[in-house]
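# Results of the structural survey
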Amino acid sequence: VQLQASGGGWVQAGGSLRLSCVASGRTISSYTMGWFRQAPGKEREFVAAIFRRAGTPFLADSVKGRFTISKDNAKNAAYLQMNSLSPEDTAVYYCAADESIIMSSIRIPRHYDYWGQGTLVTVSS
C-alpha cells in the first residue's frame, strides 16, 4: 500500500484544515488507518485512528472534540478534519495503515506497516 498525505498548510489559531490520505496499490477497506504527528524535537505521537471494518474511531485526548477522523472506502482514502487549531498542533502529520493491527496497539507507531510521507501543519498564534 502506498499512502499520499496532503492538505497541510499554514493557518491561524482557531482555524481549520482537512488532511487527506489517499491509498494506492491495495484497497483500504480492511485496513486500520491512523494519523500521527511529530513536532520538532519530539517523538511521533498518536492523533487518531479508525479501526478497520468496524470503522470505530479513536482520538488522542489532546484532540478530542476538535479533530474528526473518517474513511471513505469508495475513494480509498482517509481524512482528518482539524478544527479549533492551536499552535500546539503544529507538526508534520503522517498517515499510516495496517491490515492486522489489533485495537490495543493502534496508538503505537511501530505497529503500522505503511506510512505516508507527511504533510506539514503550521498554526500561528
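What this report covers is the structure whose coordinates are included nearby.

Conventions adopted
Numbers given for residues are sequential positions, taken from 1 along each chain in its written order. Local features in this predicted model are restricted to residues of pLDDT 70 or higher, and side-chain atom pairs are both shown and tallied only at a pLDDT of 80 or more, whereas totals for entire chains, interfaces and linings draw on every residue. Each side-chain value is derived from all of the structure's non-hydrogen atoms; neither hydrogens nor water enter the calculation. Any two strands between which DSSP finds at least two bridges are classified as paired. Helix and strand assignments follow DSSP, with helices taken as H or I runs no shorter than four residues and strands as E runs no shorter than two, numbered in order from the N terminus. Interaxial angle, 0 to 180 degrees, is taken between N-to-C directions of lines fitted to C-alpha atoms, where a helix line uses only the stretch in contact. Here a pair means two rings of Phe, Tyr or Trp (six-membered ring of Trp) with centres within 6.5 Å. Their orientation is stacked below 30 degrees between planes, edge-to-face above 60, and tilted elsewhere. Exposed residues in this analysis have more than 50% of their type's maximum accessible area, buried residues have under 20%, and partly exposed residues fall in between, with area computed by a 1.4 Å probe over protein chains only.

### Focus on the sheet that holds strand β1 (residues 2–6)
Within the open sheet, the four strands sit side by side as β1-β3-β8-β7. Their pairing is antiparallel. Lying at the two open borders of the sheet, with one neighbouring strand each, are β1 and β7 (67–72). On average, each strand axis in the sheet is inclined to that of its neighbour by 15°, with strand direction left out of account. Across six bridges, strand β3 (residues 17–24) lies against strand β8 (residues 77–82) in antiparallel orientation. Note that in β8 the partner of Val 22 across the bridge is Ala 77.

### Examining the packing of aromatic side chains
What the rule picks out here adds up to six aromatic pairs. Taking 5.2 Å as the distance between ring centres and 80° as the angle between the ring planes, the aromatic pair formed by Phe 36 and Tyr 112 counts as edge-to-face. Taken together, the positions of Phe 36 in strand β4 (residues 32–38) and Tyr 112 in the loop between β9 (91–98) and β10 (114–115) put the pair 76 residues apart, joining distant regions of the chain. Taken as a pair, Phe 36 and Tyr 112 share a single burial class, namely buried.

### Some thoughts on the pairing of strand β5 (residues 45–50)
By the criterion of burial, β5 is predominantly enclosed, with five of the six residues buried. For β4 and β5, the ladder comprises five bridges, and the chain directions are antiparallel. Along β5, the bridge assignment pairs Gly 34 with Ala 49. The antiparallel hairpin formed by β4 and β5 contains six residues in its connecting segment, where Gly 41 sits at a positive phi of about 80°. Sheet topology places β5 next to strand β6 (residues 57–59); three bridges connect them, and they run antiparallel. Across the sheet, Ala 48 pairs through a bridge with Leu 59, a residue of β6. With antiparallel pairing between neighbouring strands as the criterion, β5 and β6 make up a hairpin whose turn holds six residues, including Gly 55 at a positive phi of roughly 70°.

Any link to function would need more than the numbers given here.
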